[in-house]
Every structure is written in C-alpha cells, then in structure tokens.
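# Chain and residue survey
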Amino acid sequence: MAKVLCVLYDDPIDGYPKSYARDDLPKLEHYPGGQTLPTPKGIDFTPGELLGSVSGELGLRKYLEANGHTLVVTSDKDGPNSVFEKELVDADIVISQPFWPAYLTAERFAKAKNLKMAVTAGIGSDHVDLQSAIDRNVTVTEVTYCNSISVAEHVVMMILSLVRNYLPSHEWAKSGGWNIADCVQHAYDLEKMEVGTVAAGRIGLAVLRRLAPFDVNLHYTDRHRLPESVEKELNLTWHATREEMYPVCDVVTLNCPLHPETEHMINDETLKLFKRGAYLVNTARGKLCDRDAVARALESGQLAGYAGDVWFPQPAPKDHPWRTMPHNGMTPHISGTTLTAQARYAAGTREILECFFEGRPIRDEYLIVQGGALAGTGAHSYSKGNATGGSEEAERFKKAG
Ligand code: NDP
C-alpha cells in the first residue's frame, strides 16, 4: 500500500468556505482540438468546490483510503524542518500544484528513497528537478490542458488591464477620487498594436485566438511552427527566434514552459531588444525572467507595464521587487486554479492515480518523465536538466511570519 504526500495551499484566512458564489460550472465536451477531459472511474467531490487548499484535499481521501493507501496533506513545504521534508522520506507518491509548489530538488530526491511518482496537479513540472527524476527513474506527470484556457483568459485580461491602465484607475475610484488625467496619462487602446507570444502551445494558441477579434496584429515564435491553415486563419507572423520578434511587438506574452533552454530568457540584454514602452505579460513561470532586470526596465520606462501571476520562488518573499515595482499588475499565482480549473485537475490527478495503482498506462499527454527519459508532453515541450536552483529561498516567506 502506498503513502501519498500531497502539498496544497492554505485554506482561506476566514476558513474553508461554507457556500459559493455560483451553483454550477459550465459543462465542457472536450478541450479545443479534441483532447478528452479527465476520465477517472469516479470522483468524490462536487465540481465548483475549493479543492486545491488543504481541506479540499483534491477530493482524494475517500478513494485512497478505501484502497488501503495513506494520504498526508500539508501546506508546510519549505525548509528542512517542514512537514513535507519530514514526510517525504517514506512517501511513494508526491502531489503538488504549481501555485504552491513542493520543490523536489536533488537533495530532496536523495532523501525520498521510496519515491515512484511526482504528480503535478496542474501544468508545469519545473518545480521538480527533472534531471534527478530521469536519473532516479521517478515518473513525473501533469494534467495537460486542465487549465490552459483558464490561463489564456487571464493573459487577455492582463494585457487589457496594462494597456488601458485599469488597476491604477480602479484604485482612484476606490479611494474616492475622480482623477481622470492621472488615470489616462498612461492609458492606450489595444487596437492595431503588435502582439506576440513566445510559444504557441495550448495556452499560447488560445491567447492568439482570443486576441484576434481585438483587431491586433499577431506574432509568435515557437520551436515547432503551427499549421499553415492556422497561420492564415489568424493572420499570424512567425518569427524564427524570440530575439527577432521582440523589436516589432508592443505587447509580448510568455507562454512556454520553464526548462534550461528558457530560464532567464528575459534579461538586461534581451530587454534592450524590446520597443521602448512595450508591455510584458508572463503567466508562464517567474524564472523565465531575471527579476531585477524586469524591475529596472519598468523604472527606466523601457517597459511600460509588466503583469503576471508567476514568481520565483513561490511563495515570493515579502520584499520581492515585483510586489512594488512601478506599473505592475502582479497577483499571487492564481490563473490556473479557478474553481473551474480545480475540478478538472482534481479529476485528472485521480485518473493518473487510478492508472498508476491499477497498472494501466498513464495517458501519453500526461507524461513528462517516464522510464528514465523525457516522455509524452515532456519530450515535446521540455528539455533535460534542472530548473529548481534557488528554490530554497521560498522558506523566507514562512520565516517572515
Ligand atoms: P504546451 O506544452 O501546450 O505548450 C508549451 C509550448 O512551449 C510548446 O508549444 C513548446 O513548443 C513551447 N516551447 C518550449 N520551449 C520553447 C522555447 N525554447 N522557445 C519557444 N517555445 C518553446 O503547454 P501549455 O501551453 O498548456 O502551458 C505552457 C506553460 O504555461 C506551462 O509549462 C506552465 O509553465 C505555464 N502554465 C501556467 C499556469 C498558471 O496558472 N499561471 C497554468 C498552466 C500552465 P514545442 O512543443 O513546439 O517544442
């Protein structure tokens, strides 16, 4: 029987909700392009309830305990004295969400002698040292597509918020002001701007599709080119490299995974290539950017705005410069964990566990590492190596109280 160690974010500060704003969720038949939704044999939660926090337990307890397994759930994940690090020593499976990542570094892999699988309840397994997983033959899985559209919607919201100066204007309204000139001295229309995405995978392409009706000119760069029919339909301009795309764009959005090829790809040198006054939206991973270079570019005016929900490490230290840099529209990491998305990735996690325990193959699209190599989506979208370096800094958030 297995020990499953699940790291989830804390419950709301007022306690686990007793009621919700809405009574149901829209029904999806399948994802865009036809990929089927998660297909577990059963679920023990009500879609629309808070599943990603500690009391929600991703709806897994009944299923796991009925099958004789042990489930340990904690939010205490950082530092050598954390519950996570203590419980890890005999865990068979670790589950965590990118919003509150349980960093699985080489040191932690070395302690986790029984570990067979790391499940990302969400998308993006960069909090796992993939090289160690490869070397130690630990399977890494994620719930591909579960929240790609959730994030694409967020990207569009953040682009519009920055360009139109929404958040500072809202602050004026809240504080009793009517300071129109203060609001509009930094506000523009998106219409006819040049908007480019780094990566046109599930999220990147969904962003392009959602932005096309705004009558903007769309650009993308990706390791694999989209079908010609899609390029024509959306009137896309493809760029062979990121560096070729940056200078033509008014807005750049990052939608690629974090792996050694993409770590710190936005830095002092590459920011010089951007048009002065460009906007940068990053809901992919904080470590795609050199954090201090971004803050400098906002202070100098090289960037007119930066928004996103991803930081490094997570939770971000209280003195992280992105909390206070000018013209930022940052939120904690939330875009992929709406109640809508949680229902999908909780079901996807259950599907992965059912397959694992019943000895059935896990869907190829959910695989990142298997059998000592990148596999499935991992082989397509990631590169070998480790992107967890520096994650121990996450403990500073806890220590700051
Ligand atoms: P996909 O796997 O569908 O797309 C990733 C795309 O990135 C692929 O098209 C891949 O290209 C491309 N890519 C990889 N490396 C490079 C590179 N060096 N240069 C250009 N393109 C590259 O994943 P999703 O779109 O669903 O998700 C993307 C990322 O978004 C996730 O990995 C995760 O980090 C982040 N995310 C954030 C969430 C949030 O809540 N903020 C939630 C979900 C995801 P190709 O395959 O053609 O080689």
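Here, the structure is the one placed above.
What comes next is a walk through the structure. From a predicted model like this one, the values you see are computed outputs, not experimental measurements.

Scoring rules and cut-offs
Counting from 1, residues in each chain are numbered in the order their sequence is written. It should be noted that, the model being predicted, local features are given only for residues of pLDDT at least 70 and side-chain atom pairs only at 80 or more, the latter also being counted only at that level, while totals for whole chains, interfaces and linings use all residues. The basis for every side-chain value is the complete set of non-hydrogen atoms in the structure, without hydrogens or water. A helix here means a DSSP run of H or I that spans at least four residues, while a strand means a run of E at least two residues long, and both kinds are numbered starting from the N terminus. Note on definitions: a residue-residue contact is assigned when non-hydrogen atoms from the two residues lie within 4.5 Å. Residues scored as charged are limited to Lys and Arg (positive) and Asp and Glu (negative), so that His and the chain ends carry no count. Just so you know, the charge point we use is NZ for Lys, CZ for Arg, CG for Asp and CD for Glu. Each residue is placed in one exposure class: buried if its accessible area under a 1.4 Å probe, protein chains only, is under 20% of its type's maximum, exposed if it is over 50%, and partly exposed if it falls in between. Counted as a polar contact is a pair of N or O atoms within 3.5 Å, where, for protein atoms, one must be capable of donating a hydrogen and the other of accepting one, and residues adjacent in sequence contribute only when both atoms are in side chains. Being near a molecule or strand, for a residue, comes down to having at least one heavy atom within 4 Å of it. Here the accessible surface of atoms and residues is derived via Shrake-Rupley with a 1.4 Å probe, and residues count as covered only by protein chains that are part of the display. Note on aromatic pairs: the rings of Phe, Tyr and Trp (six-membered ring only in Trp) are paired at centre separations within 6.5 Å, and the planes decide the class, stacked below 30 degrees, edge-to-face beyond 60, tilted for the rest. The criterion for a charge sitting over a ring is simple: Lys NZ or Arg CZ within 6 Å of the ring centre, and within 35 degrees of the ring normal. Should DSSP find at least two bridges between two strands, the strands are taken to pair. Only residues whose relative accessible area exceeds 30% and that take part in no salt bridge are eligible for patches, with like-charged residues grouped when within 9 Å of each other and nonpolar side chains (Val, Leu, Ile, Met, Phe, Trp, Tyr) grouped when within 5 Å. A pair is scored as a salt bridge if a Lys or Arg side-chain nitrogen falls within 4 Å of a carboxyl oxygen belonging to Asp or Glu.

## Remarks on the overall build of the protein chain
If you tally the helices and strands in the protein chain, you get 15 helices and 14 strands. Taken along the three principal axes of its C-alpha coordinates, the protein chain extends 65 × 50 × 45 Å. Long-range pairs, those at least 24 residues apart, make up 70% of the contacts in the protein chain with a sequence separation of at least 6. Of the side-chain charges in the protein chain, 41 are positive and 52 negative, and the distance between the mean point of each set is 2 Å.

## Concerning the environment of Cys-6
For Cys-6, the location among the structural elements is in strand E1 (residues 3-7). Owing to a relative accessible area of 0%, Cys-6 belongs among the buried residues under this scheme. Excluding residues that lie within four positions of it along the chain, Cys-6 makes contacts with Leu-58, Leu-71, Val-72, Val-73, Thr-74 and Ile-95.

## A closer look at helix H12 (residues 291-300)
Those residues of H12 lying buried are Ala-293, Val-294, Ala-295, Ala-297 and Leu-298. The secondary structure elements touched by the buried residues of H12 are helix H11 (268-271) and strand E11 (303-308). Among the residues of H12, the N-terminal cap falls to Asp-290, whose side-chain oxygen and the backbone nitrogen of Asp-292 are separated by 3.1 Å. Looking one or two residues beyond H12, the residue adopting positive phi is Gly-301, at roughly 90 degrees.

## Section: the site of the ligand
Every one of the 30 residues lining the ligand counts as a neighbour, but Ile-203, Asp-222, His-224, Thr-283 and His-380 are closest to it. Between the ligand and the protein, one listed contact pairs an oxygen atom with a side-chain N or O atom of Ser-148 at 2.9 Å. Residue Ile-203 places a main-chain N or O atom 2.8 Å away from an oxygen atom belonging to the ligand. Taking 930 Å² as the accessible area of the ligand by itself, protein coverage stands at 95%. Mapped by element, the contributors of at least two residues to the shell around the ligand are helix H5 (148-163), helix H8 (202-211) and helix H14 (376-381).

## Considerations on the packing of aromatic side chains
For the coordinates displayed, the defined rule picks out seven aromatic pairs. Measuring from centroid to centroid gives 4.5 Å for Tyr-246 and Phe-274, while their planes differ by 25 degrees, and the two rings are stacked. Linking Tyr-246 in the loop between helix H10 (242-245) and strand E9 (251-254) with Phe-274 in the loop between H11 and strand E10 (278-282), this pair joins segments that are 28 residues apart in sequence. As far as the burial class goes, Tyr-246 and Phe-274 line up, both buried. Connected via pairs of aromatic rings, a cluster forms that spans Tyr-306, Trp-311 and Trp-322. The aromatic ring of Phe-312 is capped on one face by Lys-287, whose charged end is 4.4 Å from the ring centroid. Geometry around Phe-397 places Lys-318 over its ring, the cationic atom sitting 4.6 Å from the centre.

## Digging into the sheet that holds strand E5 (residues 139-142)
With respect to topology, seven strands assemble into an open sheet ordered E2-E1-E3-E4-E5-E13-E14, the strand pairing being mixed. Pairing within the sheet leaves two strands with one partner each, and these edge strands are strand E2 (70-74) and strand E14 (373-374). Alignment of strand E13 (residues 367-370) against E14, held across two bridges, turns out to be antiparallel. Within E14, the position partnered with Val-369 by the bridge is Leu-374.

## Quick notes on a nonpolar patch on the surface
A surface patch of nonpolar side chains, amounting to about 400 Å² of accessible area, comprises Trp-178, Ile-180 and Val-184. Take Ile-180: it is sitting in helix H7 (residues 180-184).

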